[in-house]
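# Coordinate inspection notes
Read off the chains here:
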Amino acid sequence: MGQLGRFVMMIAVILLTFSSTLRADVLDDLVNRAPNSWAAVKIGEARAGNPDAQYVVGRGLVDGSWVGLETKMGLEWLRRAADNGQPNASFTLARLYELGQYGIPIDIDQAEYWYERSFNAGMSYAARKLALLNESKSPPDIEKALSWSRKGAEAGDFECQLELGGFYGSGFRLRLDYSQSLYWYLRAMAHDVASSSQYADRAQAVLGAYYENGLGTARSMTDALQWYRVAARNGNTDANYALGKIYESGEGVAPNQDEAMDYFVAAAERDHQLAQYRLGLGFANGTGVAADRVQAIKWLTLASRRCCELTKGEVEQLRLHRVESLLSWRVEPRDVQNTLEDSMKVARAELNRIKHLSTADEIKAGETQARDFNPVRPPLPIP
C-alpha cells in the first residue's frame, strides 16, 4: 500500500472513531441540553429499563425525529425494548426490515423473526403480516400462510377472522364449509372495528345470505334482515338489492313497494345491474314510485347496455361460489345465465315500449342522464 493509501485509511479510521463517539454521546447531549425535557425523561426511563421508554427512544433515533438518523443506535434500543416484552418494538423492527426504511436493508427473514416475536408478545395482527409475507414468497408458501391466518384468527385478529370466513365460504384454499364460514364471520363482526372497517360490509351481506338460505345454520329471515340492513347501512350494494327484493316479494316482511324501491335506488346508484332493471320497471309502471318516463328510460338504458352472456370461466366460478349467486342475483348458480338473459330481454322490450310513449325531449333527457351516469361510491368507514 502506498503512502497515499495509508493516509486515506488513517483518515477513515479517525472519522469512523469520531462519528462513533458522536453517536455514543447523542443521548447524553440531548439530556445535557434540556435535562427537564420530555426526551430527557424518556431517555432516563429507558436507561432504567422501562421497555415503553426504550421503544420511544428507539423510534426517535431510527426515524431521525430527535437528532437526525441514528439507525444503528435506534435498532439497539428497539431490540432492548423487544427483549423486555414490548410488542410494538418487535412489530416496528419487523416493519423496518420488511420495507427497508431509513437506510435499513430489506431482510424478509428478519421481518418474519420479529413479526413472530411480536405475535408471541400478544400482537395478534402480526399473524396477518406473517400470512401475507408467506403468500408473497416465490413460490408462495400457502400452507404456512394459512397456518398464520388461523393462528391470528384464533388469537382474535379481525382481518384473519374475515379471511378464514371468506376461505371457508368460497372453498378457496380451504374445504367449503358454510358453518365454519359463519362462525368466523360472526367472530369478526363481534369486534368494535367491524362498524368502521371498509371490509366488513361484504361479510355482513354474506351473513344475511347464510341466514336467508339456511347455509351453515337454520334458516332465519329475522337474522337475515338484521345483517342485510347492517350491510346496507355500510353501503353494500348487494345487501340493498337483497332488501329490495325481500320487500318487493314480502318474504319475511309485509310487502312494501315504496321501501323496495328505496333499496333498489341505493343499489342502482352504485351500478347494480338488476337493481337498475327493477328501478326502471318501477318508473315505467309507477310501482313504488311515481311514473316517470325520463327516469324509466335512464335506468332501463343502463340496465340493457350490459352484455348478459357469461363466459365458461365465469359460469365455473359461479358453481364454486354459490353464495355470490344467491346474494348478487338472488338465484342458484345454474340459473344466473337465464336470469340475466330474461332480465335484459324484458329491460330492452320495456325500454322500447316507453320510448314509443315518450316525446323526443323525454327520450333525449333519459338517454343523456344514462350517458352521464356516475356510480355512487360506498361511504368511507368512520375512523
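Use the structure listed above.
Rules of the game
Residues numbered from 1 in each chain as written. Predicted model: local features only at pLDDT ≥ 70, side-chain atom pairs only at ≥ 80, totals over all residues. Heavy atoms only, no water. Core = buried A, V, L, I, M, F, W, Y, C linked by side-chain atoms within 4.5 Å. Buried < 20%, exposed > 50% of the residue type's maximum accessible area, 1.4 Å probe, protein only. Helix = DSSP H or I, 4+ residues; strand = E, 2+ residues; numbered from the N terminus. Contact = heavy atoms within 4.5 Å. Expected span 1.5 Å × (residues − 1). Salt bridge = Lys/Arg side-chain N within 4 Å of Asp/Glu carboxyl O. 1 Å grid on protein atoms, 1.4 Å probe; cavity = no way out; pocket = protein on both sides within 12 Å on 5 of 7 lines; lining within 4 Å. Points joined across faces, edges and corners; volume = space filled by probe spheres on them. Nonpolar A, V, L, I, M, F, W, Y, C, P; charged D, E, K, R; others polar. Axes fitted to C-alpha atoms, helices over the stretch in contact; angles between N-to-C directions. Parallel < 35°, antiparallel > 145°, perpendicular 65-115°, else oblique. Left-handed = near helix turned anticlockwise from the far one by under 90°.

## What about the nonpolar core?
- Grouped together as the largest cluster of nonpolar side chains are 64 residues, with contacts concentrated most on Met189, Tyr210 and Tyr228.
- Here this core gets eight residues from one element, more than from any other, and that element is helix α12 (residues 200-213).
- Once you skip the residues sitting within four places of it in the chain, Met189 turns out to touch Phe158, Leu162, Ala194, Ala200, Ala203, Gln204, Leu207 and Trp227.
- Within the second largest apolar cluster, 33 residues are counted, among which are Phe91, Phe119, Leu146 and Phe167.

## Comments concerning unusual backbone geometry
- In this structure, the amide linkage connecting Ser138 to the following residue, Pro139, adopts the cis form with an omega of 0°.
- Following the sequence through the fold, Pro139 ends up in the loop between α8 (125-135) and α9 (142-154).
- Phi angles above zero are rare outside glycine, and Arg330 is one such case at about 70°.
- Among the secondary structure elements, Arg330 is positioned in the loop between α19 (322-328) and α20 (336-357).

## Side note on α20
- In a regular helix each residue adds 1.5 Å, so 22 residues correspond to 32 Å; α20 covers 32 Å between its end C-alpha atoms and thus fits that length.
- Taken residue by residue, α20 has Val336, Gln337, Thr339, Leu340, Ser343, Met344, Ala347, Glu350, Leu351 and Ile354 as its buried positions.

## A look at the pattern of salt bridges
- Applying the stated rule across the entire model yields 22 salt bridges.
- With a closest N to O distance of 3.0 Å, Asp28 and Arg47 form a salt bridge. Residue Asp28 is located in helix α2 (residues 26-33), and its partner Arg47 is located in helix α3 (residues 38-47); the two are separated by 19 residues in the primary sequence.
- Between Arg95 and Glu98 there is a salt bridge whose closest N-O contact spans 3.5 Å. You can see Arg95 and its partner Glu98 sitting in helix α6 (residues 87-99), three residues apart, about one turn around the helix.
- Accessibility expressed as a relative area gives 18% for Glu98, which makes it buried.
- It is possible to trace a salt-bridge network through shared partners that takes in Glu112, Lys137 and Lys144.

## Thoughts on the layout of surface pockets
- A volume near 330 Å³ is recorded for the largest pocket.
- What lines the largest pocket is a set of 16 residues, and nearest its centre among them are Gly165, Gly166, Tyr185, Arg202 and Val206.
- For the lining of the largest pocket, the secondary structure elements donating two or more residues are α10 (158-170), α12 and α19.
- Residue composition of the lining of the largest pocket, grouped by class: seven nonpolar, five polar and four charged.

## Side note on the packing of helix α17 (residues 293-304) against helix α21 (residues 360-371)
- Where α17 contacts α21, the two axes come as close as 8 Å, and the packing angle between them is 45°. Between α17 and α21, the interaxial angle falls into the category oblique. Our pair here, α17 against α21, has a crossing hand that is right-handed. In this structure, α17 uses Arg293, Val294, Gln295, Ile297, Lys298, Thr301 and Leu302 to contact α21, whose residues at the interface are Glu362, Ile363, Ala365, Gly366, Glu367, Gln369 and Ala370.
- Classifying every residue of the contact of α17 with α21 gives six nonpolar, four polar and four charged.

## Notes on the side chain of Thr339
- Among the secondary structure elements, Thr339 is positioned in helix α20.
- Classification of Thr339 by relative accessible area gives buried; the value is 17%.
- For Thr339, the residues in contact, after removing those within four places along its chain, are Leu274, Trp329 and Val331.

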